[in-house]
Amino acid sequence: MQQYQDIRQAAYEANMQLPALGLVIFTFGNVSAADRKLGVFAIKPSGVPYAELTPEKMVIVDFDGKTVDGQLRPSSDTLTHAVLYKHWEHIGGIVHTHSTYATAWAQSQRDIPIYGTTHADHNTVDIPCASPMSDNMIAGDYEYQTGFQIMDALTQRGLTYTDIEMILVGNHAPFTWGATAAKAVYNSAVLESVAQMAYLTESINGNAPRLKDALIKKHFERKHGPNSYYGQ
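Thresholds, definitions, all that
- Residues numbered from 1 in each chain as written.
- Predicted model: local features only at pLDDT ≥ 70, side-chain atom pairs only at ≥ 80, totals over all residues.
- Heavy atoms only, no water.
- Helix = DSSP H or I, 4+ residues; strand = E, 2+ residues; numbered from the N terminus.
- Expected span 1.5 Å × (residues − 1).
- Buried < 20%, exposed > 50% of the residue type's maximum accessible area, 1.4 Å probe, protein only.
- Arc of directions from axis to C-beta.
- Contact = heavy atoms within 4.5 Å.
- Salt bridge = Lys/Arg side-chain N within 4 Å of Asp/Glu carboxyl O.

Engineer: What am I meant to see in helix 1 (residues 5–20) here?
Structural biologist: When the terminal C-alpha atoms of helix 1 are compared, their 23 Å separation across 16 residues agrees well with the 22 Å that a helix rising 1.5 Å per residue should span. Regarding helix 1, the residues found buried are Ile-7, Arg-8, Ala-11, Ala-14, Asn-15 and Leu-18. Projected down its long axis, helix 1 carries its buried residues within an arc of 140 degrees, all on one side. Away from the buried face of helix 1 by more than 90 degrees, exposed residues Asp-6 and Ala-20 are located. In this structure, the buried residues of helix 1 make contact with strand 1 (29–35), strand 2 (40–43), strand 3 (59–62), strand 4 (67–69), strand 5 (93–97) and helix 7 (181–204). Residue Gly-22 follows helix 1 closely and has a positive phi angle near 75 degrees.

Engineer: I keep staring at the pattern of salt bridges and nothing clicks. Help me out?
Structural biologist: In a structure, side chains of opposite charge can pair up when their charged atoms sit close to one another. What the rule picks out here adds up to 8 salt bridges. Its salt-bridge partner being Glu-165, residue Lys-183 comes within 3.1 Å of it at the nearest N-O pair. Of the two residues, Lys-183 sits in helix 7 while Glu-165 sits in the loop between helix 6 (142–156) and strand 7 (166–169), which places them 18 residues apart along the sequence. For Glu-221, the salt bridge goes to Lys-217, with nearest N and O atoms at 3.2 Å. Highlighted residues: Glu-221 and Lys-217, both in helix 8 (residues 213–224), separated by 4 residues, approximately one helical turn. Since its relative accessible area comes to 37%, Glu-221 is described here as partly exposed. Residues joined by salt bridges that share partners form a network here, namely Asp-126, Arg-210 and Asp-213.

In structure tokens:
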């Protein structure tokens, strides 16, 4: 339908950025783009290679995870996206990948420590890793429960989805979000880069210190503070 054209195009363009940025292989990932006024989002169809995607193949789903428009089956992660959109009213895009370094940290069940200024340009905290899902949650509606696994992890740490726009799901892989699908993809690329840098940092110096609070504050505020000026 014509009313979904914009989010279909946004979702298509964002999904195509994942292989271009080296964040996915085969069909290992998905992006969605939401229309808050219509209460729906467009998401990659399940199992379709990126080279075969078109805007028209994006599936339109409501915030309860029900298909509204589209001929193909939506991504297997659709219910996770739906839960986050339903509970986090200010996001417009979500990305899930199995990018190598971020996924390795998730499989290690470790937060990514804030070691350097690249990390601090985007976050003032370690990138959290949600605890592995409980057996009861796994036995239930797995993808639906993953959304709550993500939200619970932020709540437990006193964080909100506006404080940080990325997370690792323990034993699984990363999710990122943002005001738009394009911003969520940006956050996914940043997360992968920071994850790689942190891994290399620990490989070089297993006792590398966490970044000083003064530098964290300086770098975050010069990019995001009221008097921001950094853009490179």
